[in-house]
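# Results of the structural survey
This is what each chain is made of:
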Amino acid sequence: MKIQINARNRAYQFSTVAGEKILYAGLANGINLPYECGSGTCGTCKARLVAGDIADAWPEAPGRKYLKQQGEFLMCQCVARGDCSLEVANFVYNMDPGACTPAACRGTLTNLRLLTSDVIAFSVELDAPRDFDAGQFMLVQVPDVAGYRGYSMVNFERDAGRLDFVVKKKSGGGASEWLFGDAAAGSTVELFGPLGSATFFPALAKSILCIAGGSGIAGMMSILARGCQEHYFDQYGGNVFFGVRAFKDAFYLDELSRYRNEFPQKLQITIALSDEDVPPAAGQRYPALAFEKGLVHEVAARHMNGKYQNVRAYLAGPPPAVDAAIRVLLLEAKLTADNIRYDKFS
Amino acid sequence: MPSNGMRECDAGGGLKVLVANAGEEYFACQAVCPHQEVALCEGLYDGSVLTCHQHLWQWDIRSGAPIGLAETPLECFKVEVDGDSVYIVPPGALNVGELFSGIAEKTLSEINGLAKRETFPQGGTLYNVGDPAEDFFVLESGRIEFVIGRDDRTSPAGFMLRKGEVFGWAALLDSQPLRIAKATCLEPSTLLRINGKQVLKVLEADPGSGYVVMRRLSSLIARYLAPSGAK
């Protein structure tokens, strides 16, 4: 089926196969269609059907609340049922020549392990190696649960045969509950990606500031992995703020300590505990890390005050935490919007 | 309204506007983000820059000019303050678009004087490939489709336009006398038709404004020609 997309600047044509979501087909063709979550919640990939027929795989998708006009639909949820012509009210360009073009792939779930009572880590052994950029995510579809979920990669390597993820359990969140169940290990999962624009490249040549809540630390781990591999923190500063409710909810503290110990001069890592005073054991067990009580964006704001020159910020976590951090960075720190990177999942 | 605060107001007739305070002054603009129709009153405002919280598009509250990531300007309204009341004056399409916003008022009103408002039915053709490019158009309402190529070898050119956007701008160039696309109305549309040569003459008399318009025109053209990955 042929898809014709009229964007604000030009037209694009590409083909889809039966059952293929229009967004994924366009992205796989190297066309940078607008999207953020890619999984039906954010509404960013909305388009308007001009001609043709589409089928909506998820008519109850929360992202549909952003649809205002007749004929609008979410490209991440819809498949074409014949040749279609669409309008997208954005400037749309081809991806950079060096970009990791997203594609569908498949892998096996391995290495599932609880990091805390409600956070699980796992790996996907890919059928064929993939490239991704630090800070990107994959859409993952597990058996028995309809639809994709976006999970950020924790690791970073080129030609990765294995992707590491970390997921927080959400009650009623079908995919996350399934991952905590017995059926997960050894299962085959479908993936699409890599996606996301909150990416880090060493050519950035700025200090980086990471503010993450809960499992939002995943993408930051990938950024730290790349930064450390390339000795980025020999030259540029790194400030990482990781927010959790209590000390028992924190994870990856050994990995974070290792990164800090590699670059003790320029890399600072602070764990913010929102709901309890810092227990004395925290600093004794993890002397490389700083611990502080408070909401993660407040702790970050205290530490960063007056240190925002030449900074690129990466944000991830629950939407209220990300919004609060954006507010601080825009209004108080006066960072420019292009130096605040995050992928909005809702 | 708090100092350096903002509020969404109902201006009557279903028109919602965002009214913002900046010290002694008040400004008014469209109430929803032109990107995803998010309510701008939920965004961030520091007394000069308005930010949509959804994707961080930003604008100068005084002019509606886009800053940073924003791809299009905000529609702004002229404001008159009388005691406790703020009145707004809706703008014409010419003031909304990027090409002419912010140029000298006298020049803008002269260009406005050259504009003829025309209404086209659905399916109406504005011009064909090879037609002389004498006039350019500013979209007031409706939707326009562009097709490039000749005879059977045609292909849609894309181009979604918003209110206030200019097309057929070959009429503003010296060496592009012919249309390179066919323009058809996809729905009933209202346009301002403006003669390119006459506008150039007006701009010659006000080189300051002319310079602004030419800079905007060149960046507009560059944006349509932008290579992959460019924003």
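Remember, it's a predicted structure, so these values are computed and weren't measured experimentally. (Residues numbered from 1 in each chain as written. Chains lettered and ligands numbered in written order. Predicted model: local features only at pLDDT ≥ 70, side-chain atom pairs only at ≥ 80, totals over all residues.)

## Topic: the overall build of chain A
Convention followed: A helix here means a DSSP run of H or I that spans at least four residues, while a strand means a run of E at least two residues long, and both kinds are numbered starting from the N terminus. In this description the radius of gyration comes from C-alpha coordinates, and the expected globular size is given by 2.2 Å times residues to the power 0.38. Burial is judged by counting other C-beta atoms within 10 Å of a residue's own C-beta: 20 or more means buried, 12 or fewer means exposed, and anything between counts as partly exposed, with every C-beta placed from the backbone.
For chain A, the count of helices and strands is seven helices and 19 strands. Taken over the C-alpha trace, chain A has a radius of gyration of 20 Å; the compact-globule value for 346 residues is 20 Å, and the two agree within 12%. Principal-axis analysis of the C-alpha atoms places the extent of chain A at approximately 65 × 45 × 35 Å. Within chain A, the fraction of its 346 residues that count as buried is 48%.

## What about the sheet that holds strand β12 (residues 135–141) of chain B?
All names here are of chain B. What counts here: When DSSP finds two or more bridges between a pair of strands, those strands are recorded as paired. C-beta atoms are placed from the backbone for every residue, and two residues are taken to be in contact when these atoms lie within 7 Å. Every angle, taken between N-to-C directions, lies between 0 and 180 degrees, and every axis is a line fitted to C-alpha atoms, over only the stretch in contact when it is a helix.
Taken together, four strands build an open sheet; the order of strands is β10-β17-β12-β15 and the sheet is antiparallel. Strands at the two margins of the open sheet, each flanked by one partner only, are β10 (116–120) and β15 (166–167). Inspection of the sheet shows β12 paired to β15 by two bridges, in the antiparallel sense. Note that in β15 the partner of Phe137 across the bridge is Phe167. Docked against the sheet, helix α3 (residues 196–204) engages β12 and β17 (189–195), running at close to 60 degrees with respect to β17.

## A short note on the interface of chain B and chain A
Defined as follows: Three categories are distinguished: nonpolar for Ala, Val, Leu, Ile, Met, Phe, Trp, Tyr, Cys and Pro, charged for Asp, Glu, Lys and Arg, and polar for the others, with Gly belonging to the last.
Listed as interface residues are 22 residues of chain B and, on the opposing side, 29 residues of chain A. If you list the elements that add at least two residues to the side of chain B that touches chain A, you get β14 (153–158) and α4 (207–225) of chain B. When residues of the side of chain B that touches chain A are assigned to their parent elements, the largest contribution, three residues, is made by β14(B). Considered class by class, the residues forming the side of chain B that touches chain A number ten nonpolar, eight polar and four charged.

## Concerning the sheet that holds strand β5 (residues 72–74) of chain A
Working definition: the strands of a sheet are paired by backbone hydrogen bonds and lie parallel or antiparallel to each other. Residue and element names in this part refer to chain A. With mixed pairing, the five strands of this open sheet are ordered in space as β2-β1-β7-β3-β5. Looking at strand neighbours, the two that pair on one side only are β2 (11–15) and β5, the edges of this open sheet. Going across the sheet, the axis of each strand differs from the next one's by a mean of 35 degrees, ignoring polarity.

## What about the domain arrangement of chain A?
Rules: As annotated, the domain borders come from an automatic or database domain assignment.
Per the domain assignment, the segments making up chain A are domain 1 (2–87), domain 2 (103–195) and domain 3 (202–341). Between domain 1 of chain A and domain 3 of chain A, the C-alpha centre-to-centre distance is 35 Å.

## Thoughts on the packing of helix α6 (residues 296–304) of chain A against helix α7 (residues 319–332) of chain A
Residue and element names in this part refer to chain A. Defined as follows: Any angle between 65 and 115 degrees counts as roughly perpendicular, while under 35 counts as roughly parallel, over 145 as roughly antiparallel, and the rest as oblique. Should the near helix be turned anticlockwise from the far one by less than a right angle, the crossing is termed left-handed; should it be turned clockwise, right-handed.
At a closest axis distance of 9 Å, the pairing of α6 and α7 adopts a crossing angle of 25 degrees. Between α6 and α7, the crossing angle belongs to the class labelled roughly parallel. As for how α6 packs across α7, the hand of that crossing is right-handed. Across the interface between the two elements, Val296, His297, Ala300 and Ala301 of α6 pack against Ala321, Ala324, Ala325, Val328 and Glu332 of α7. Its residues assigned to classes, the contact of α6 with α7 comprises seven nonpolar, one polar and one charged.

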